[in-house]
Amino acid sequence: MAGERNWIPDDVDINRPSVARVYDYALGGAHNLACDRAVFQQLLAIHPRVREMAWTNRAFLRRAVLYMMDQGIRQFLDLGSGIPTVGNVHEIAQRADPEARVVYVDREDIAVAHSRLLLERNPLATIVEADITRPDHVLRHPDAQRLLDFAQPVGLLAMTVGHYVPDDQVREVFRTYRDAVAPGSMLGITHLTNDFAVPTDEMIATASRAGGDGMYSRTKAEVAALFGDFELCPPGIVQPSGWHPDPVVPGGPRSEDDGFWSGVGVKRPVMTPERTVPD
């Protein structure tokens, strides 16, 4: 980012790229550095529509949040939120209802630092510094407990984050979050996949080198498993551009270029069988 850089913590290596900042740059944000832009150029060389893929995911996030609000949800837990850039969850939600509450979760220093700066005058939104693979640290954090009422429906958002969780952890991590929320809660996911004719193997390798974390591409069936017993909302698991799509814009992103699976599921109440009283 040119100019003032007071959003960067003093102990951050400005020569080490960050997945969150690369994504910020892809979306047209201003909180990125030369090393992040260099990684993006590598990704662009692998797949010329990588910027459109980022925007397609962001558009899905907006539609998913508004869909959840249409179902009555007014509080959100955004897992692995990254740097709050164009189209933040709290902006979307609080534009629809000023009383909506949002808790972002991330472990990256810059994402947390900038989120705190952005949200310091917003009493109904906050950032929790935690690793999403430690759900107990997230769910029991005082700020999460202060803003979210887990006895009421919560909108869980896991956008482009599940593919950072290793295979031996991912199902248990998602199960713990699902179990922690009340009936009526909803879960939105976008997840990287190799199911399409998109060179995601090379993109995964490049992004992994940038962020220092492994990335795990998953099939449609594997993404479906992350919803557990949540009931998938129509149209089920589809590419992000095909989920309650916005009006088609000439020259807009093509669904075969999404490179992700996406969906929204809802937690239904557990129905217990009626007991028959003997005569």
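Keep in mind that what you see is a predicted model, and the values were worked out from it rather than measured.

Cut-off values and rules
- Residues numbered from 1 in each chain as written.
- Predicted model: local features only at pLDDT ≥ 70, side-chain atom pairs only at ≥ 80, totals over all residues.
- Heavy atoms only, no water.
- Phe/Tyr/Trp six-rings, centres within 6.5 Å; stacked < 30°, edge-to-face > 60°.
- Helix = DSSP H or I, 4+ residues; strand = E, 2+ residues; numbered from the N terminus.
- Buried < 20%, exposed > 50% of the residue type's maximum accessible area, 1.4 Å probe, protein only.
- Pairing = 2+ DSSP bridges.
- Lys, Arg positive; Asp, Glu negative; His and termini not counted.
- Salt bridge = Lys/Arg side-chain N within 4 Å of Asp/Glu carboxyl O.
- Contact = heavy atoms within 4.5 Å.

How do you make sense of the packing of aromatic side chains when you look at a structure like this?
To describe a pair of aromatic rings, one takes the distance between the centres and the angle between the planes. Tallied over the entire structure, the rule returns four aromatic pairs. Ring geometry for Tyr25 and Phe40: centres 5.2 Å apart, planes at 85 degrees, overall edge-to-face. Highlighted residues: Tyr25 in helix α1 (residues 19-26) and Phe40 in helix α2 (residues 34-46), separated in sequence by 15 residues. Using a relative accessible area of 21% as the deciding quantity, one classes Tyr25 as partly exposed. Measuring from centroid to centroid gives 5.2 Å for Phe60 and Trp243, while their planes differ by 70 degrees, and the two rings are edge-to-face. Here the residue Phe60 occupies a position in helix α3 (residues 50-70), and Trp243 occupies one in the loop between β6 (231-232) and β7 (260-266), the gap between them amounting to 183 residues.

Can you help me understand the pairing of strand β2 (residues 101-106) in this one?
For a regular strand, the rule is simple: side chains alternate between the two faces of the sheet. Most of β2 is tucked away, with five of its six residues classed as buried. As paired strands, strand β1 (residues 75-79) and β2 are joined by five bridges and run parallel to one another. Across the sheet, Leu79 pairs through a bridge with Val105, a residue of β2. Where β2 lies against strand β3 (residues 125-129), five bridges are found, and the strand directions are parallel. Among the inter-strand pairings, Asp106 is bridged to a residue of β3, identified as Glu129.

Just checking my understanding: could you explain the side chain of Lys267 for this structure?
Looking at the element boundaries, Lys267 is found in the segment after β7. One buried charged residue, Lys267, forms no salt bridge at all, with the nearest opposite charge on Asp179 at 5.1 Å. Among residues more than four places away in sequence, those in contact with Lys267 are Arg178, Asp179, Val181, Ala182, Pro183, Gly184, Ser185 and Phe230.

Before we go on, may I ask you to explain the environment of Phe76 in this structure?
Along the chain, Phe76 turns up in strand β1. The exposure class assigned to Phe76 is buried, which follows from its relative accessible area of 0%. Linking Phe76 and Val102, residues 26 residues apart in sequence, is a C-alpha distance of 4.8 Å. Apart from residues no more than four positions distant in its own chain, Phe76 is found in contact with Val65, Met68, Met69, Val89, Ala93, Arg101, Val102, Val103, Leu148, Gly155 and Leu157.

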